[in-house]
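# What the coordinates show
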Amino acid sequence: QARSHPSTPTHARAMACKGAIALAFGLFAAASGGLAAAEDVAETCADGSCPAQKARPGQAGVNLMQRAYMQSELGQASDTSGTDYDCDDDGVPDCGKWDYTMSMCNNQLMCGHRYKFPDGTLDQSCRCRRCAASPRTAQGDPKFLSPEDPKVEAPFKALGWGTFKNWADHMNTCAPWIMPKDDGDIRSLLVYARERGYKVRISGAGHSAGGIVTDGKDDSVVVMSLAEYTASGEWEFGIKDMPDGSKRATANAGWTQFHLYERVRPLGFFLPAQTAGYFFSLGGIVANSVHGGSYKAGFVHGYATRMRVMHYDGTVRIVDDEEEMRYWRCSFGLLGIILGIEFQLEKREALQMYSVDRKLDSWSSEEFWKFIKQDAEADMPSEILPADGGAGTRKAWNGEFFADFINGGETPKIAVYAQKANSSVDENFGGQLGIPEDIHEQYATIKNRGVTDGWHGQMSWGEAARRDGSPPIKIMGMGVNDILEGMKGLKGPMAHVMSDAAMTSIPRLARALGNKVNDGFFLTQSPAALAAAYFVAPDKAFAAMDYLRKVQLESKGSKDFVWNLPGEFRFINVQDSAVLQPITPGLWFNAQMISFPDLAATHQAWKRDFKKVEDFWVKELKAQPHMGKLFGFETSPEGLTEPFADSYTCTIYTDAQKGAFSKFRLKEDPQGLFATGLGMKFLQKCQD
């Protein structure tokens with residue numbers, strides 16, 4: 001389908017949006033998930049200048065008010081409620097007021113934004129949340145819902161964070177989400193939960209796509225996070241020399257990668273593998289199959305050498321035996337609570353963060369591999385790769401690739417965000433190669449910058465990153481996803497705009513953080529986006545991306561869903577480091593499909609296209625899924641397509657893996673305190 005002529009109104013309207021959208025986000029770079037973004041341009045109302053009157057919205061405001069919410073989060077009030085605004089049926093309205101200063105409903109514990117026709121103000125759309133459960137369940141237990149309220153006399157100190165939802169907003173639950181302060185508070189929480197027959201699940205920063213933490217269907221589940229946790233001694237942070245001359249760092253598992261790098265990067269040290277964005281918790285990436293773009297490194301969990309953990313009964317111990325570590329790595333929170341982690345570090349005397357892009361002469365295996373080997377200078381041995389593309393310098397140790405199929409047609413543009421280190425850096429590189437002189441100040445500026453969360457209000461970037469992942473991106477006080485929601489009628493033109501903006505943002509993002517801290521990361525924020533990633537053999541790499549290109553181009557004529565972000569790929573060199581590893585050791589190609597859901601006519605529209613790609617990758621290319629992202633799409637007899645089907649989830653691990661891990665899990669958690677969530681479905685036997 002040809003792009004609209006510049007003189008047409010549709011094209012003009014889309015192009016008018018491009019500048020604003022480009023300010024809000026760059027590209028979705030999901031080495032382990034995430035969307036690149038420019039610096040936060042949110043306009044907060046800290047000075048009290050925001051209007052407090054009940055203004056009647058225009059069409060954009062109506063679209064914002066009409067934004068859909070998951071049924072598990074918002075809906076009618078409890079059965080005993082006589083109104084949408086009196087949540088506890090005591091005759092006093094609890095909802096119905098919008099906080100224009102904080103851009104959210106007042107009384108977030110009980111109220112959420114849910115539009116009903118013919119609401120004319122944001123106040124009228126502030127209604128009772130669906131999460132009005134019995135106080136005899138975890139979902140209704142006041143000690144979880146309001147742990148800071150002295151009236152409820154909670155036996156632990158914790159920050160209440162509402163109810164658990166994941167970063168991409170497609171898993172919103174009624175499970176209470178609390179953040180204990182120290183070991184004693186966590187121990188008291190476990191005792192309280194065991195006495196009442198509750199289940200405890202541990203969340204990181206909320207970036208896993210499925211119900212690995214919880215899907216919210218079990219009302220006995222409480223979700224616990226280490227976002228407010230302070231560890232003791234070296235397990236908050238420590239660094240030590242090893243006999244072989246290397247260094248290792250111990251860190252609070254509730255920290256993000258940012259908080260770790262803030263300490264180790266000024267000393268010249270790095271993790272062997274890292275993601276594109278800072279905003280993943282250390283405990284979360286070690287308990288899952290998270291990876292980066294290193295040609296020589298594998299999953300990040302493979303570089304965890306010791307752990308400090310708490311068991312179901314509150315006892316704490318150090319796990320340092322390699323055989324036990326193989327069970328705790330990629331354990332999905334099923335064994336206990338990882339409180340602290342020791343990581344292997346590596347020294348880099350010089351680091352070059354840069355990007356390369358090229359419009360391919362044609363879409364072919366030869367051009368595809370030529371870009372990887374020659375333009376990207378990927379450090380991979382030629383004997384395990386296809387012969388296409390010739391040979392390159394192999395100077396780059398890391399590469400994260402993006403392909404703009406929507407705008408590219410027969411000659412798509414491919415870009416790589418790459419890194420070189422030590423003797424491989426370019427002598428004539430014009431950017432930062434060493435440790436910036438003001439690196440401590442730059443890290444402090446990033447961490448302390450104020451952001452506004454539409455759910456919880458104002459906080460620092462560092463607090464937001466630890467609590468629920470990537471801080472929000474806003475344009476003039478409105479979330480990027482809310483803006484896109486109001487542009488459904490422009491899904492075709494906007495797909496071109498967004499995919500192009502993603503590609504053009506790569507150099508700017510890499511250059512900006514390279515000059516500030518030069519630590520290899522280039523993402524600090526992220527709007528909610530869909531992501532599914534799969535591992536295939538390198539000789540099937542072109543076939544995987546070729547099929548994604550085919551599906552994306554076919555979508556351009558659709559009125560329901562048009563792919564709107566580039567395809568992504570990278571390589572990973574897997575070691576044998578965990579019992580529950582989804583792929584065998586060796587070099588793998590990681591193919592990823594990503595898109596914003598907000599422009600889709602319905603959720604079913606994007607799910608059908610994701611299933612189409614997954615079916616080909618899994619059935620034809622023998623792909624294995626990334627465990628923290630979308631996978632397992634299945635269509636029911638009623639015609640509804642949904643991810644995480646039991647029939648697929650049970651096939652990821654072998655019977656030997658399931659048996660070995662299940663036996664160890666019963667030893668570590670004999671009462672099954674942590675035994676719920678998608679992780680348990682990974683272990684189930686497939687039905688005939």
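Now for a quick tour of the structure.

Quick notes on the rules
Residues numbered from 1 in each chain as written. Predicted model: local features only at pLDDT ≥ 70, side-chain atom pairs only at ≥ 80, totals over all residues. Heavy atoms only, no water. Core = buried A, V, L, I, M, F, W, Y, C linked by side-chain atoms within 4.5 Å. Buried < 20%, exposed > 50% of the residue type's maximum accessible area, 1.4 Å probe, protein only. Contact = heavy atoms within 4.5 Å. Pairing = 2+ DSSP bridges. Helix = DSSP H or I, 4+ residues; strand = E, 2+ residues; numbered from the N terminus. Axes fitted to C-alpha atoms, helices over the stretch in contact; angles between N-to-C directions. Disulfide = S-S within 2.5 Å. Parallel < 35°, antiparallel > 145°, perpendicular 65-115°, else oblique. Left-handed = near helix turned anticlockwise from the far one by under 90°. Salt bridge = Lys/Arg side-chain N within 4 Å of Asp/Glu carboxyl O. Lys, Arg positive; Asp, Glu negative; His and termini not counted. Polar contact = N/O pair within 3.5 Å; in protein donor to acceptor, adjacent residues only side chain to side chain.

## Notes on the nonpolar core
Core analysis: the biggest nonpolar cluster contains 166 residues, and Phe368, Phe589, Phe610 and Trp617 have the highest contact counts within it. Ignoring sequence-local partners within four residues, the contact set of tryptophan 617 consists of Tyr534, Ala544, Tyr547, Leu548, Ala591, Gln592, Met593, Lys622 and Ala623. Ranked by size, the runner-up nonpolar core spans 13 residues in total, among them Met487, Met498, Ala529 and Leu599.

## Structural notes on the sheet that holds strand E16 (residues 351-359)
Taking strand neighbours across the sheet as the criterion, the seven strands line up as E16-E18-E17-E24-E25-E23-E26 in an open arrangement whose pairing is antiparallel. Sheet topology places E16 and strand E26 (624-625) at the edges, where each strand pairs with a single neighbour. Where strand E23 (residues 530-536) lies against E26, two bridges are found, and the strand directions are antiparallel. Bridging across to E26, tyrosine 534 finds its partner in proline 625. Packing of helix H8 (residues 365-375) onto the sheet brings it into contact with E16, strand E17 (398-404), strand E18 (413-421), strand E24 (567-574) and strand E25 (586-595), and relative to E16 it is tilted by some 155°. Against the sheet, helix H15 (residues 603-621) contacts E23 and E25, and its axis sits at roughly 5° relative to E23.

## Some points on the state of the cysteines
Applying the stated criterion across every chain, the model contains three disulfides. Linked covalently through their sulfurs, cysteine 95 and cysteine 111 form a disulfide whose S-S length is 1.9 Å. Between cysteine 95 and cysteine 111 the sulfur-sulfur dihedral comes to about -90°; the bridge is accordingly left-handed. In this pair, cysteine 95 is assigned in the loop between helix H2 (59-65) and strand E1 (98-99) and cysteine 111 in strand E3 (residues 111-113), connecting sequence segments 16 residues apart. On the basis of relative accessibility, which here comes to 9%, the residue cysteine 95 falls in the buried class. Under the relative-accessibility criterion, cysteine 111 is labelled buried at 1%. Across a sulfur-sulfur distance of 2.1 Å, cysteine 105 and cysteine 126 are joined as a disulfide pair.

## Observations concerning the packing of helix H5 (residues 257-264) against helix H10 (residues 439-448)
Packing of H5 against H10 brings their axes to within 10 Å, and their N-to-C directions diverge by 160°. In terms of orientation, H5 and H10 fall into the roughly antiparallel class. As for how H5 packs across H10, the hand of that crossing is left-handed. Contact residues: H5 offers Phe258, His259, Tyr261 and Glu262, while H10 offers Tyr443, Ile446 and Lys447.

## Thoughts on the sheet that holds strand E12 (residues 304-310)
Here five strands make up an open sheet; going across it, the order is E9-E10-E14-E12-E13 and the pairing antiparallel. Edge positions in the open sheet fall to strand E9 (237-241) and strand E13 (316-319), since each of these has one partner strand only. Taking each pair of neighbouring strands and ignoring which way they run, the sheet shows an average axis angle of 15°. Two elements, strand E10 (residues 247-252) and strand E14 (residues 337-344), share five bridges in a ladder whose sense is antiparallel.

## A short note on the pattern of salt bridges
Going through the model one piece at a time under the given rule, you end up with 33 salt bridges. Its salt-bridge partner being glutamate 400, residue arginine 570 comes within 3.8 Å of it at the nearest N-O pair. Of the two residues, arginine 570 is situated in strand E24 and glutamate 400 in strand E17; the sequence distance between them amounts to 170 residues. By the burial criterion, arginine 570 is buried, and glutamate 400 matches it. It is possible to trace a salt-bridge network through shared partners that takes in Glu234, Lys240, Arg248, Arg306 and Glu342.

## Here we look at the environment of phenylalanine 270
The residue phenylalanine 270 is located in strand E11 (residues 269-270) in this model. Using a relative accessible area of 0% as the deciding quantity, one classes phenylalanine 270 as buried.

## What about unusual backbone geometry?
Note: most peptide bonds trans; most residues except glycine with negative phi. Even without being a glycine, glutamate 153 presents a positive backbone phi close to 50°. For glutamate 153, the location among the structural elements is in the loop between helix H3 (142-145) and strand E5 (158-165). Classification of glutamate 153 by relative accessible area gives exposed; the value is 64%. Within the chain, asparagine 422 stands out as a residue other than glycine whose phi angle is a positive 55°. With respect to the element layout, asparagine 422 can be found in the loop between E18 and H10.

## Concerning the side chain of lysine 658
Along the chain, lysine 658 falls in helix H17 (residues 655-668). Despite its burial, lysine 658 pairs with no opposite charge; the closest candidate is aspartate 655, at 4.3 Å N-O. A polar side-chain atom of lysine 658 sits 2.5 Å from the main-chain carbonyl oxygen of cysteine 650. Looking at lysine 658, its side chain comes within polar contact range of the main-chain oxygen of glutamine 684, at 2.9 Å. When sequence neighbours within four positions are dropped, the list of residues in contact with lysine 658 reads Cys650, Tyr653, Phe682, Leu683, Gln684, Lys685 and Cys686.

## Section: the pairing of E12
The buried fraction of E12 amounts to seven of the seven residues, a majority that puts the element mostly inside the structure. Bridge analysis of E12 against E14 gives six bridges, and the strand direction is antiparallel. In the strand pairing of E14, alanine 304 is matched with phenylalanine 343. Of the strand pairs in this sheet, E12 and E13 are connected by four bridges, and their pairing is antiparallel. The partner of methionine 307 across the bridge, within E13, is valine 319. A loop of five residues connects E12 with E13, the two strands running antiparallel in sequence, and glycine 314 in this loop sits at a positive phi of about 90°.

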